[in-house]
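Okay, here's what each chain looks like letter by letter:
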Amino acid sequence: MAAKIGPSLWKFLDDRFMLSALIAFGKKKTVPEHRRSFWYFFGGICLFLTAIQIATGAMLLLYYTPHIDAAHESVQFIMSGVKFGWLIRSVHSWTANLLIGLLFIHMFSTFFLKAYRRPRELTWITGFLLLVLFMAFGFSGYLLPWNELSYFATRVGTDIAGSLPIIGHWLKTVILGGPEVGQATLSRFFWFHVALLPLAALVLIGIHILLVQTLGMSKPIGERSTKEIPFFPDFLYKDALGWTLILVIIGVLCVFLPWEIGPKADPLVSTPLGIKPEWYFTFMFTTLKLVPAHVLSFEGEKLAILAFMTGGLLWLLVPFLDRRAALEKRSPVFTWAGVALALYIVILTVMTYTVPKL
Amino acid sequence: MNIRAIRLFAAAALFAPLLAFGQKNSCIECHNKLDDELKAPAVGLAADIHAQAGLSCKDCHGGDPSQDDVDKAKDKSFKGSPKRKDIPQFCGGCHADAAAMRAFNPGLRTDQLSQYWTSRHGQLLKAGDTKAAVCTDCHGVHGIQTAKFPKSLTFPWNIPQTCGRCHADKATMEPYKLPTSQLEDYKASVHARALYDKKDLSAPVCNDCHGNHGAFPPSVSSVASVCRQCHPSTGDLFTKSPHKKAFDDMGAGECEVCHGNHKILPPSTAMIGTDQGATCVQCHDKGSTGFETAAEFRRELDGFESGFRTAEGLLTQAKRKGVEVSDVEFRLQDVNTLIVTARNLTHGLDRAEVAKAVTDGEKALVEVRAAGEKALDEAKFRRRGLAVTTALLALFGVALALKIRHMTRARGAGEGRGSHS
Amino acid sequence: MKRRNFVDIFLGGSLLATIAAFMYPVVRYVLPSRSAAGGGVQKNVVAAKAGELPPNSAKIFKFGSSPAILVNTAEGQLVALSGVCTHLTCTVRFDTETGTLFCPCHNGRFDLGGNVLSGPPPRPLEIFAVETSGADIIVSRKG
């Protein structure tokens, strides 16, 4: 009897979902294996961590209240009153940081492997947009506990947005939902974080993964090895090993370094000294601090912001700019540009935390 | 009122503003061109509270500021700068005149001059000692600010320095045979800490205990009244205690005997008791009731405080291990208030009352300790949970590794082919 | 063949165990627990039961993360204020003799409107809204 239920259930679903066709397609999927194929794992890890964020985020939604009179208290409650609330929240906060770090690694690894070259230009573009989206996730999520650090970090961050020429003031008001950080901001950031950004991310991730499915994995230019392993189940098992490792890391972090709550935000208190945004913004933040007040006749800060935007645009369009890679030729200029960018980001981030009185 | 008067009045009213605008002040003009000591008044006047009230040089010194020629400016009404012994009277000309002061600030006191004459400074001055402090020594002269302004010489946290200019200077105080350690002592006190570190402007400075213009060292009998201004509950307890009569009979200054006067340190339980450093044994010998009471108080307070520290330690430990304990810390704050209350009660020397306060406090501590233990248990639970989960994940990882190795071998041996796509 | 089955069983078994280990905290998190009543949104706090406080007495209770004081005046009126003295954060007490709140640390004194009557406190105490709902006396932030 039991032996019959299995196959008949399978046939029931197969007739309606075309499972056999899907499985046949899946069986054909292969992944190249060569010296550099280790880097292929990073995309999957990012997806895995995103899934963790969605799951823990959905659970936090159960107890969190996005109102300035209750936000901080609800997070406090999650940390101390809800069973395993400390775990769900700490996982969410730690994974957010790990995810953004790994996204940077994923981006740079695909850059150096020139995976962006034809025909994978759109994969790169959706990928970079996803990085920006996830940094927006980080920025909006950071405010939600409504503690002192996040309140002031949001103020500083939106002030920078407000200093953009022409659109600055309007942009700042739209982001804040008003003239300053307040209830409107909290509601708005909450909406960004649980509705707008997830929808956008889902669409972009969908496109990104679809492209990976249709185009397969890119091989480095000039890679001669033709060895391929099946995605199901070989590569997936290897993926899973990486995921297991990262789960252990997250567990250790959450138990020994649970995420702090911090004191509740008080707009009347003066800005604490040394206020910084989250680490993944610090390279830009420190750049703005180091730039001289005036360069030629232009305001240094505005010039720097403009430089960031131009740089970002160029980075986004790299697949179209790197003609040599499109022709499967080595393009050392772009490689070195990438190295320079990576070094710049690392050095400035480290400087933010090591150089006193910045 | 005839038409001519109206016209005159209207003209005056219309032109009066112009007059103010064009008001010439030759005093300032001339003195600005001079150097150092003679330039200072002109420079300082701009920030002076008197200038802000619309007064100028001539209102105190007389003279005619419309005259450029110095001899004409220093006319018959010119009073010049007063001699030191005349300064109190000079300032008092307005400041002791209630009707005059009413025009500027009806809320200001006008008894400063009469108070001054009762002060040690005033008495010395009257006897002919011009080195005694006069108004300008504490308030400044051109550039006087109200005591509410933080840069003023009479703003609370500047007062110790203002008094200390003379009272902490050995050379100045030598002829009077007065000590000069008060400022140093005060700076080490709990009151100074409150004032300078916590910016608590309600903390007492020199004038709060010694009086302002009627400054005089408080007599032995009045020291306690001075302290009672801010510490009335302690004062009441002391008054009800047997110490009051004993100290009064001895002619001792109540609070001052145990706590000092300028160098009042933060009181601690170590002051009570029977060991060498304690205050009680300075009078009470072994075997006396006082000795026994002191020992009992010390024992109870020590027990209470060590219980508090243990509870605090538990919470700190739990917090370090990552457990949320702010709910419990709130209760601990409450217990801290109970400690302060218990310590205060010792002034009443009532064993029953102190014992009750300590018992109440220890009851509250039990709750805190229980919560602290619970928090530590939670920390242990988390670590165990992590160990179990990590072990399972490790097991799963090993299973995966085995499977991968198995598959790689199978594929390599079985097929011998490369790609599929 | 046997070796292969063992590996598969090992894999499947350890996977199931891991999933179970992860589901345990998720389930405990989602299911409401008896101790945590109503969530951490301590906007309205049940400070006391009706009739618990006789006239001219007071009770300290927890409001948010700080102490607050509920006073039943001699005339039978219920008033609730922050219990944190604005001088050096000691907890205030109700003085039955004068119907005022006083702080035992430096004898700051407040009236039942929160205003500073005497002593070092620099700012008044925050007043909370009190309402009686059935058998409960509920305190919440004003406005």
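Everything here concerns the structure above.
Residues numbered from 1 in each chain as written. Chains lettered and ligands numbered in written order. Predicted model: local features only at pLDDT ≥ 70, side-chain atom pairs only at ≥ 80, totals over all residues. Heavy atoms only, no water.

Got a minute to help me understand the overall build of chain A in this structure?
Check the secondary structure of chain A and you find 15 helices and four strands. Taken over the C-alpha atoms alone, chain A extends approximately 70 × 55 × 35 Å along its principal axes. Counting every position in chain A, which comprises 358 residues, the buried fraction comes to 45%. For chain A, contacts bridging at least 24 residues in sequence account for 77% of all contacts bridging at least 6. Accessible surface, chain A: about 18700 Å² in total, of which carbon and sulfur atoms supply 74%. If the 30 positive side-chain charges of chain A are averaged to one point and the 20 negative ones to another, these points end up 10 Å apart. (Helix = DSSP H or I, 4+ residues; strand = E, 2+ residues; numbered from the N terminus. Buried < 20%, exposed > 50% of the residue type's maximum accessible area, 1.4 Å probe, protein only. Contact = heavy atoms within 4.5 Å. Areas by Shrake-Rupley, 256 points an atom, 1.4 Å probe, with all protein chains shown as cover. Lys, Arg positive; Asp, Glu negative; His and termini not counted. Charge placed at Lys NZ, Arg CZ, Asp CG, Glu CD.)

I tried to follow the packing of helix H6 (residues 121-143) of chain A against helix H12 (residues 300-316) of chain A on my own but got confused; where do I start?
Two packed helices can be described by the angle between their axes and the distance between those axes. Residues and elements named next belong to chain A. The contact between H6 and H12 brings their axes to 9 Å, and the two run at 145 degrees. On H12, the residues touching Trp124, Ile125, Phe128 and Leu129 of H6 are Gly312, Trp315 and Leu316. Considered class by class, the residues forming the contact of H6 with H12 number six nonpolar, one polar and no charged. (Axes fitted to C-alpha atoms, helices over the stretch in contact; angles between N-to-C directions. Nonpolar A, V, L, I, M, F, W, Y, C, P; charged D, E, K, R; others polar.)

Got a minute to help me understand the interface of chain A and chain C in this structure?
Bring the parts together and some accessible area is lost; that lost area is often taken as the interface size. Contacts between the two partners involve 20 residues from chain A, matched on the other side by 16 residues from chain C. For chain A, the biggest contributors to the area lost against chain C are Phe77, Lys83 and Phe84 of chain A; these three give 36% of the whole. Taken together, the links from chain A to chain C amount to zero salt bridges. If you look at where chain A meets chain C, you find two residue pairs in polar contact (both at pLDDT 80 or more). Listing elements by their share of the side of chain A that touches chain C, those giving two or more residues are helix H3 (41-61), helix H4 (71-80), helix H5 (85-112) and helix H10 (231-256) of chain A. A per-element tally of the side of chain A that touches chain C places H4 of chain A first, with four residues. Of the residues in the side of chain A that touches chain C, the class split is 13 nonpolar, four polar and three charged. (Buried area = accessible area lost by both parts, 1.4 Å probe. Salt bridge = Lys/Arg side-chain N within 4 Å of Asp/Glu carboxyl O. Polar contact = N/O pair within 3.5 Å; in protein donor to acceptor, adjacent residues only side chain to side chain.)

Is there a simple way to think about the interface of chain B and chain C in this case?
On the chain C side, the residues contacting the 28 residues of chain B number 28 residues. Summed over both partners, the interface of chain B with chain C comes to about 2400 Å²; 68% of that surface belongs to carbon and sulfur atoms. Applying the counting rule to chain B against chain C returns one salt bridge. One can count three residue pairs in polar contact (both at pLDDT 80 or more) joining chain B with chain C. Elements with a minimum of two residues in the side of chain B that touches chain C: helix H18 (232-240), helix H22 (326-345) and helix H23 (351-414) of chain B. Residue contributions to the side of chain B that touches chain C peak at twelve residues, all from H23 of chain B. Class assignment for the residues of the side of chain B that touches chain C results in 13 nonpolar, nine polar and six charged.

How do you make sense of a nonpolar patch on the surface when you look at a structure like this?
Taken together, the side chains of Ile5, Leu9, Phe12, Leu13 and Phe17 of chain A present a nonpolar region at the surface, about 500 Å² in accessible area. Within the secondary structure, Leu13 of chain A is located in helix H1 (residues 2-17). (Patch = residues over 30% accessible without salt bridge, like charges linked within 9 Å, V, L, I, M, F, W, Y side chains within 5 Å.)

Sorry, what's going on with the pairing of strand E3 (residues 66-72) of chain C here?
A regular strand places its side chains on the two faces of the sheet in alternate fashion. All names here are of chain C. With six of its seven residues buried, E3 lies for the most part within the structure. With seven bridges connecting them, strand E2 (residues 57-63) and E3 associate as antiparallel partners. Counterpart to Lys59 in the pairing with E3 is Leu70. The pairing of E3 with strand E4 (residues 78-82) spans five bridges and is antiparallel. Across the sheet, residue Asn72 finds its bridge partner in E4, namely Leu78. Taken together, E3 and the strand that follows it, E4, pair antiparallel across an intervening segment of five residues, in which Gly76 is found at a positive phi of about 90 degrees. (Pairing = 2+ DSSP bridges.)

Help me understand the nonpolar core in this model?
Nonpolar side chains in soluble globular proteins generally cluster together in the buried interior. Counting residues in each nonpolar core, the largest one holds 70 residues, and the members touching the most others are Leu49, Phe104, Met107, Trp124 and Trp146 of chain A. Element by element, the count of residues in this core is highest for H5 of chain A, at twelve residues. Residues Ile272, Phe297, Ala318 and Val358 of chain B belong to the second largest nonpolar core, which totals 27 residues. (Core = buried A, V, L, I, M, F, W, Y, C linked by side-chain atoms within 4.5 Å.)

For this particular structure, what's the right way to read the pattern of salt bridges?
Two side chains of opposite charge can pair, provided their charged atoms sit close to one another. Residue and element names in this part refer to chain B. Inspection of every chain in the model, using the stated rule, returns 28 salt bridges over all chains. A salt bridge links Asp248 to Lys244, with the nearest nitrogen and oxygen atoms 3.2 Å apart. Taken as a pair, Asp248 and Lys244 lie in helix H19 (residues 242-250) at a separation of four residues, close to a single helical turn. According to the relative accessible area criterion, Lys244 is partly exposed, its value standing at 22%. In this structure, Glu378 and Arg382 form a salt bridge, with 3.0 Å as the shortest nitrogen-oxygen distance.

Help me understand the sheet that holds strand E10 (residues 136-140) of chain C, please; the structure alone is not making it clear to me.
Whenever strands of a sheet pair, they do so through backbone hydrogen bonds, lying parallel or antiparallel. All names here are of chain C. Here six strands make up an open sheet; going across it, the order is E1-E10-E9-E4-E3-E2 and the pairing antiparallel. With partners counted over all chains shown, the strands left at the sheet margins are strand E1 (44-49) and E2, one partner each. Strand-to-strand twist across the sheet, computed as the mean angle between neighbouring axes with direction ignored, equals 30 degrees.

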